[in-house]
Amino acid sequence: MPAKFRTLDDVDVKGKRVLLRVDLNVPMESGRVTDATRLERVAPTITELADKGGKVILLAHFGRPKGRDAKDSLKPVAEALAKVVKKPVAFAEDCIGEPAAKAVAGLKDGDILCLENTRFHKEEEKNDPAFVAELAKLGGIWVNDAFSAAHRAHASTEGLGHKLPAYAGRTMQAELDALEKALGSPSKPVIAIIGGAKVSTKIDLLENLVTKVDALVIGGGMANTFLHAQGVAVGKSLAEKDLAATALRIMEKAEAANCAIILPVDATVAYHFAANAPSHAYGLDAIPADGMILDVGPQSIARVHAAIDDAATLVWNGPLGAFEMQPFDRGTVAAAKHAAERTKAKKLISIAGGGDTVAALNQAHVAGDFTYVSTAGGAFLEWMEGKPLPGVEVLRSK
């Protein structure tokens, strides 16, 4: 862990009111939590603070409400959280004002209280100083454990860090530690695997990575744009042909930075975008004009494996093909399993993040074998783009 961030090791919380910013933005269906991953991620920080005698006051948002809306209440999430942390979690009907103040006043050391959705107040997203001051009245220290919201400068994710002594929670600490290992001061050589549908959403990411890594594997629909830019006929494949000049510029920048770009050398092609559509592997010089590239081919998979074998550190964001449909998940799953094997053999540090990436690793049943898997979508991406994250910057030791 880089010493430049204050953590829970630097504070005695006994008897203190701890405003703990967490990510409780979990998927719900008919009032029930359908995936408790994020609750499980924040549980260690909550229980540690409670066990050490802190009065734990949870701050979180849920959804994108425009004002108070019962369907976006955190009450059912607080009930689900109580089962995960195996302790009672009280609930306050607001995050400021009398309901919050009254609930906080009733807390004993070790109690846990969840305040209502911070986004029920429009001042949260505006980082309004008066709203920050209202929140700050409720606590003595602020702990940020929501890396996934750290790219937003909101009242509860950044503003409080200027009003109260600020610390990184254990989830935030683990994330910062993993990111430091991935690109901050990594074991070299470093390889990045970047996939997904569009180059347009990842231009900043690619431009930053070519200056940081030794090799960059490009897969998914993005690879088709690069292949098209090099004059390969990609048939009816998804490709942003208007970004050919951008792709060439990224390749030139990579060459100048001594970063090897690894593109597919063959492709799995089908004529319909559907699960189990008949498909065939073709060399790049033989892609049928009416065919669609939906995955990398066997020779490309072998190249990706070789690149992983050469690396000491792997950073992964985005699938290599249309992984949500069989058999077009083959390339992504094979690469994920190979990286997992290298990680288990202590030959690779593997860091992955982004919604599709996590889904793909779960599909390959290897998410648990990677060194670290980030559940923070936008924040993980912005960090990989080299952008400062407000909710992290405010935790730096002054």
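Residues numbered from 1 in each chain as written. Predicted model: local features only at pLDDT ≥ 70, side-chain atom pairs only at ≥ 80, totals over all residues. Heavy atoms only, no water.

As recorded in an unreviewed UniProt entry, the protein chain goes by the name Phosphoglycerate kinase, listed as coming from Bradyrhizobium yuanmingense. Checking UniProt for the protein chain, the heading Catalytic activity (unreviewed entry) contains the comment "(2R)-3-phosphoglycerate + ATP = (2R)-3-phospho-glyceroyl phosphate + ADP". According to UniProt, the comment filed for the protein chain under the heading Sequence similarities (unreviewed entry) is "Belongs to the phosphoglycerate kinase family." (UniProt positions renumbered as here; feature names shortened; annotations may be inferred.)

With that settled, consider the overall build of the protein chain. What the protein chain contains, in helices and strands, is 14 helices and 17 strands. Over its C-alpha atoms the protein chain spans a radius of gyration of 23 Å, differing by no more than 12% from the 21 Å that the globule rule assigns to 398 residues. Counting over 398 residues, the protein chain shows a buried share of 57%. Counted over contacts in the protein chain with a minimum sequence separation of 6, partners at least 24 positions apart contribute 74%. Across the protein chain, the centroid of the 47 positively charged side chains sits 4 Å from that of the 49 negatively charged ones. (Helix = DSSP H or I, 4+ residues; strand = E, 2+ residues; numbered from the N terminus. Rg over C-alpha atoms; globule rule 2.2 N^0.38 Å. Buried < 20%, exposed > 50% of the residue type's maximum accessible area, 1.4 Å probe, protein only. Contact = heavy atoms within 4.5 Å. Lys, Arg positive; Asp, Glu negative; His and termini not counted. Charge placed at Lys NZ, Arg CZ, Asp CG, Glu CD.)

Before going further, it helps to examine the pattern of salt bridges. Side chains carrying opposite charge are able to pair once their charged atoms draw close together. For the structure shown, the criterion picks out 20 salt bridges. In this structure, the salt-bridge partner of arginine 38 is aspartate 23, at a minimum N-O distance of 3.1 Å. Residue arginine 38 is found in helix H1 (residues 37-51), and its partner aspartate 23 is found in the loop between strand S1 (17-21) and strand S2 (28-29); the two are separated by 15 residues along the sequence. The class for arginine 38 is partly exposed, based on a relative accessible area of 23%. Linked by salt bridges that have partners in common, Asp9, Glu48, Lys52 and Arg170 make up one network. (Salt bridge = Lys/Arg side-chain N within 4 Å of Asp/Glu carboxyl O.)

Across the two faces of strand S6 (residues 112-115) the burial is the same, with Ile112 and Cys114 and Leu113 and Leu115 all buried. Sheet topology places strand S4 (residues 55-59) next to S6; three bridges connect them, and they run parallel. Considered in S6, the bridge of isoleucine 57 is made with leucine 113. Traced from strand S5 (residues 90-92) through helix H3 (residues 97-105) to S6, the parallel crossover comes out right-handed. (Pairing = 2+ DSSP bridges. Right-handed = clockwise from strand over helix to strand, strands pointing away.)

The next thing to look at is the packing of helix H10 (residues 298-310) against helix H11 (residues 330-344). The contact between H10 and H11 brings their axes to 10 Å, and the two run at 20°. Judged by the angle between their axes, H10 and H11 are roughly parallel. Once H10 is placed against H11, the crossing between them reads as right-handed. Mapping the contact onto sequence places Ile301, Val304, His305, Ile308 and Asp309 in H10 and Arg330, Gly331, Ala334, Ala335, His338, Ala339 and Arg342 in H11. (Axes fitted to C-alpha atoms, helices over the stretch in contact; angles between N-to-C directions. Parallel < 35°, antiparallel > 145°, perpendicular 65-115°, else oblique. Left-handed = near helix turned anticlockwise from the far one by under 90°.)

This part is about the packing of H1 against helix H2 (residues 75-85). H2 packs onto H1 with a crossing angle of 65° between their chain directions and a minimal axis gap of 10 Å. Considered as vectors, H1 and H2 are oriented roughly perpendicular to each other. Seen from above, H1 lies across H2 with right-handed handedness. In this structure, H1 uses Leu39, Glu40, Val42, Ala43, Ile46 and Thr47 to contact H2, whose residues at the interface are Val77, Ala80, Leu81, Val84 and Val85. A class-by-class count of the residues in the contact of H1 with H2 yields nine nonpolar, one polar and one charged. (Nonpolar A, V, L, I, M, F, W, Y, C, P; charged D, E, K, R; others polar.)

With that out of the way, let us pick up the packing of aromatic side chains. A full pass over the atoms with the stated rule returns two aromatic pairs. Aromatic side chains tryptophan 316 and phenylalanine 370 sit 6.3 Å apart centroid to centroid with 50° between the ring planes, which places their arrangement in the tilted category. Remark: phenylalanine 370 occurs in the loop between helix H12 (355-363) and strand S17 (372-374) and tryptophan 316 occurs in strand S15 (residues 313-317); sequence separation between them is 54 residues. The same class applies to tryptophan 316 and to phenylalanine 370, which are both buried. Arranged with centres 6.3 Å apart and planes meeting at 40°, the rings of phenylalanine 380 and tryptophan 383 form a pair that is tilted. (Phe/Tyr/Trp six-rings, centres within 6.5 Å; stacked < 30°, edge-to-face > 60°.)

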